[in-house]
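Spelled out from the first residue to the last, the chains are:
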Amino acid sequence: MKYLKGNKLISHLFAISSILLAVACFTITSSFAFPDNVSALKKWSVYFEEVIEKDLNGDVFVKNNYLTVNASLNQTNNIYKFITNIKNDGAYDAKLSDINITDISNVSIGTSELSGITYYLSDYVDIYIKYKEDNKSNKVIEGNDLSLGDILDKNTSNSLIFSVKLKDESNLTEDQISVLNAKPNGNLNFSLSIGVNYIEKK
């Protein structure tokens, strides 16, 4: 009887050891077969926060890493400007890889009755994207531009000033001015989208 009990005890111990060994082998195998398991748990999150400040002659809509701008410019209110933060809320340092802005050279503004020439938004406006920290006196063209390759460290954010500026009449031809003046109240109404894409900084 003692011999049988001893055999049963050894059998149970052997079974438990086999199970533990199998679990250990599976864990080690999984770690080598799926090295990205740990990385997959880390978060990637770069996005625009809500607009902090904006001029009254337009509006901005934010969705993740894209902005949609609807605004109106004339020679009195010749700038539309707003401020927002781009935030890296993830676990990786990020590098700016793309800046996607509506091709304003394809946005038609109107055709001159005098010359028959069609003019586009690019004939009338300039777009600026500046870092707010470099913009000491709040000028549209002051400070460093948002540029490809810029780094946004993890758990940080940068404030950006976006500006769309109507060109001075001194930089427009009479024909271009005539098309602008044909608009109701001389208002140049437009819509454009701005998107940014970041990749992991290697």
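Residues numbered from 1 in each chain as written. Predicted model: local features only at pLDDT ≥ 70, side-chain atom pairs only at ≥ 80, totals over all residues. Heavy atoms only, no water.

### A word on the confidence of the model for the protein
Then comes step 1: When the pLDDT values of the protein are averaged, the result is 84; 80% of them are 70 or greater.
Then comes step 2: The spread of mean pLDDT over the elements of the protein runs between helix H1 (residues 2-33), the lowest at 46, and strand S8 (residues 118-120), the highest at 98.
Then comes step 3: Here residues 19-35 scores under 50 on pLDDT; set against residues more than four positions off or in separate chains, the count is 1 contact. (pLDDT = per-residue confidence, 0-100. Helix = DSSP H or I, 4+ residues; strand = E, 2+ residues; numbered from the N terminus. Contact = heavy atoms within 4.5 Å.)

### Thoughts on the nonpolar core
Side chains that are nonpolar tend, in soluble globular proteins, to be buried together.
Then comes step 1: With 36 residues, the main nonpolar core has Tyr124, Val125 and Tyr198 as its most contacted residues.
Then comes step 2: Looking at this core, the elements that each hand over two or more residues are strand S1 (46-48), strand S4 (66-73), strand S5 (79-88), strand S6 (94-101), strand S9 (125-131), strand S11 (156-166), helix H3 (174-181) and strand S12 (188-200).
Then comes step 3: In terms of residue count, S12 provides more of this core than any other element does, 6 residues in total.
Then comes step 4: The residues touching Tyr124, leaving out its near neighbours within four places in the chain, are Ile109, Tyr119, Lys165, Leu166, Lys167, Leu172, Gln176, Val179, Leu180 and Leu188. (Core = buried A, V, L, I, M, F, W, Y, C linked by side-chain atoms within 4.5 Å. Buried < 20%, exposed > 50% of the residue type's maximum accessible area, 1.4 Å probe, protein only.)

### Some words on the sheet that holds S12
Then comes step 1: Spatial strand order, S3-S4-S12-S6-S10: 5 strands in an open sheet with antiparallel pairing. Strand pairing shows two members of the sheet lacking a second neighbour, strand S3 (58-63) and strand S10 (151-152), which therefore form its edges. (Pairing = 2+ DSSP bridges.)

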